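Okay, here's what each chain looks like letter by letter:
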Amino acid sequence: CNKMNDSHIITGGLDGGCCCFAIVSTSEIGVVERFGKFSRLEEAGCFALMCPIEYLSGKVSLRVHELSVKIETKTKDNVFVEVCCSVQYQVIRDKVYKAYYSLSN
């Protein structure tokens, strides 16, 4: 079992070809590409890939994430104040394609 892109890829067949399986963890969606182009989304579990033309390009977590940022701002009376701001966000299951291909860090 090889670990690749935080995924478990299991290969079989002649010379490690044509029969591959990938595993996606619970609360994640796998993005599968065929010849470098989007093919489909895979739910949690084990699924087959047609190696070498298909591969698990990546995973999108459906868990709630938190982003904390410290902001320094100036008040009207010229006092500098540091405020901590936390935002919680989650990828919507129907928008996984857009989250994976459109958003960046």
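Structure report, in brief. Since this is a predicted model, take the numbers as computed values, not measurements. (Residues numbered from 1 in each chain as written. Predicted model: local features only at pLDDT ≥ 70, side-chain atom pairs only at ≥ 80, totals over all residues. Heavy atoms only, no water.)

Brief notes about the sheet that holds strand β5 (residues 37–42)
Moving on, step 1. Overall, antiparallel pairing links the 3 strands, which are arranged β5-β4-β7 in an open sheet. Two strands close off the open sheet at either side, each with one partner strand: β5 and β7 (54–61). Across the sheet, the mean angle separating the axes of adjacent strands is 30° when strand polarity is ignored.
Moving on, step 2. Across 7 bridges, strand β4 (residues 28–34) lies against β7 in antiparallel orientation. Across the sheet, the residue bridging to E33 is Y55, located in β7. (Pairing = 2+ DSSP bridges. Helix = DSSP H or I, 4+ residues; strand = E, 2+ residues; numbered from the N terminus. Axes fitted to C-alpha atoms, helices over the stretch in contact; angles between N-to-C directions.)

Digging into the environment of I23
Moving on, step 1. Within the secondary structure layout, I23 lies in strand β3 (residues 19–24).
Moving on, step 2. Spatially, the C-alpha atom of I23 lies 9.1 Å from that of A48, the residues being 25 residues apart in sequence.

Section: the nonpolar core
Moving on, step 1. Counting 8 residues, the largest nonpolar core is built from C20, A22, V24, V32, F47, L49, C51 and L56.
Moving on, step 2. Counting residues per element, the ones that place at least two in this core are β3 and β6 (45–49).
Moving on, step 3. No other element matches β3, which puts 3 residues into this core.
Moving on, step 4. With sequence-adjacent residues up to four places away left out, V32 is seen in contact with K37, F38, S39, R40, E42, F47, L49, E54, Y55 and L56. (Core = buried A, V, L, I, M, F, W, Y, C linked by side-chain atoms within 4.5 Å. Buried < 20%, exposed > 50% of the residue type's maximum accessible area, 1.4 Å probe, protein only. Contact = heavy atoms within 4.5 Å.)

As for the pairing of β3
Moving on, step 1. The alternating pattern of β3 places C20, A22 and V24 on a buried face, while none of C19, F21 and I23, on the opposite face, is buried.
Moving on, step 2. As defined by bridge partners, β3 adjoins β6 across 5 bridges and the pair is classed as antiparallel. The residue bridging F21 from the neighbouring strand is A48, located in β6.

Structural notes on the environment of R34
Moving on, step 1. With respect to the helices, strands and loops of the structure, R34 is situated in strand β4.
Moving on, step 2. The exposure class assigned to R34 is partly exposed, which follows from its relative accessible area of 34%.
Moving on, step 3. For the pair R34 and C51, spaced 17 residues apart in sequence, the C-alpha separation works out to 9.4 Å.
Moving on, step 4. Setting aside its immediate chain neighbours within four residues, R34 contacts S39, R40, M50, I53 and E54.
Moving on, step 5. A polar side-chain atom of R34 sits 2.7 Å from a polar atom in the side chain of E54. (Polar contact = N/O pair within 3.5 Å; in protein donor to acceptor, adjacent residues only side chain to side chain.)

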